[in-house]
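# Descriptive analysis of the structure
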Amino acid sequence: MVGPGTGIAPFRAFLRELSTAAVPRPGHVRLYFGCRRPEEDYLYEGELAEHLRSGALSSLRVAFSRAKAQKVYVQHLVAADGAELWGMLQRDAHFYICGGTAMGRDVVGALQRAVAAHGQMSDAAAEGYVKELQAKGRLTQELWS
């Protein structure tokens with residue numbers, strides 16, 4: 001799941017649902033969250049930490065774009081985790097993106113490059129693979145401007 005800024009909203013509800021005993025965890029649940037400054041914008045830090053403790057969330061990757069001299073965005077983390085994400089996709093993982101249109105485009109681009117590199121595919125084949133993920137409902141984007 002990739003949900004920077006207000007894009008985290010649907011994933012908060014999803015994690016709450018997973019944290020109930022009645023819902024079996026679907027496997028590895030990873031969230032990429034991003035905001036500008038942790039001291040100002042990381043409003044759900046405690047909630048996400050609790051989801052990690054409870055096991056509803058397997059891993060949390062956080063990008064703060066204004067915390068250091070060099071900006072770090074969620075798409076940078078997706079790119080850095082490319083080999084691991086490729087492995088998850090090979091095990092039928094689903095990939096959800098929620099947030100701004102430009103971010104979504106950049107995340108899909110990072111995912112596509114990871115597929116090309118780690119799946120040993122041409123750029124065209126990786127683009128086709130990502131389109132196939134979308135067609136099968138394994139890549140879902142809820143984006144806005």
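See the structure shown above.
For clarity, every value in this text was computed on a predicted model and none was experimentally measured.

What counts, and where the lines are drawn
Residues numbered from 1 in each chain as written. Predicted model: local features only at pLDDT ≥ 70, side-chain atom pairs only at ≥ 80, totals over all residues. Heavy atoms only, no water. Helix = DSSP H or I, 4+ residues; strand = E, 2+ residues; numbered from the N terminus. Rg over C-alpha atoms; globule rule 2.2 N^0.38 Å. Buried < 20%, exposed > 50% of the residue type's maximum accessible area, 1.4 Å probe, protein only. Contact = heavy atoms within 4.5 Å. Areas by Shrake-Rupley, 256 points an atom, 1.4 Å probe, with all protein chains shown as cover. Lys, Arg positive; Asp, Glu negative; His and termini not counted. Charge placed at Lys NZ, Arg CZ, Asp CG, Glu CD. Phe/Tyr/Trp six-rings, centres within 6.5 Å; stacked < 30°, edge-to-face > 60°.

Looking only at helices and strands, the protein has seven helices and four strands in total. Its C-alpha atoms give the protein a radius of gyration of 15 Å, within 12% of the compact-globule value 15 Å for 145 residues. For the protein, buried positions account for 39% of its 145 residues. The contacts of the protein with a sequence gap of at least 6 include a subset with a gap of at least 24, amounting to 67%. Carbon and sulfur atoms form 51% of the exposed surface of the protein, whose accessible area is close to 7,900 Å². One way to put it: in the protein the 17 positive side-chain charges average out to a point 2 Å from where the 15 negative ones average out.

Attention shifts here to the side chain of His51. Examined against the element boundaries, His51 turns out to sit in helix 3 (residues 45-54). Sequence-distant contacts of His51, defined by excluding residues within four places in its chain, comprise Leu15, Arg16, Ser19, Ala56 and Leu57.

Our next topic: the packing of aromatic side chains. Throughout the structure, instances matching the rule amount to three aromatic pairs. Taken together, a centroid distance of 5.6 Å and an interplanar angle of 20° make the contact between Phe33 and Tyr42 stacked. The two residues Phe33 and Tyr42 agree in class, both being buried. Seen from their ring centres, Tyr42 and Phe64 are 5.5 Å apart, and the 65° between their planes marks the pair as edge-to-face. Within this pair, whereas Tyr42 is found in the loop between helix 2 (38-41) and helix 3, its partner Phe64 is found in strand 2 (residues 59-64), the two being separated by 22 residues in sequence. These aromatic residues form a ring-pair network of at least three members: Phe33, Tyr42 and Phe64.

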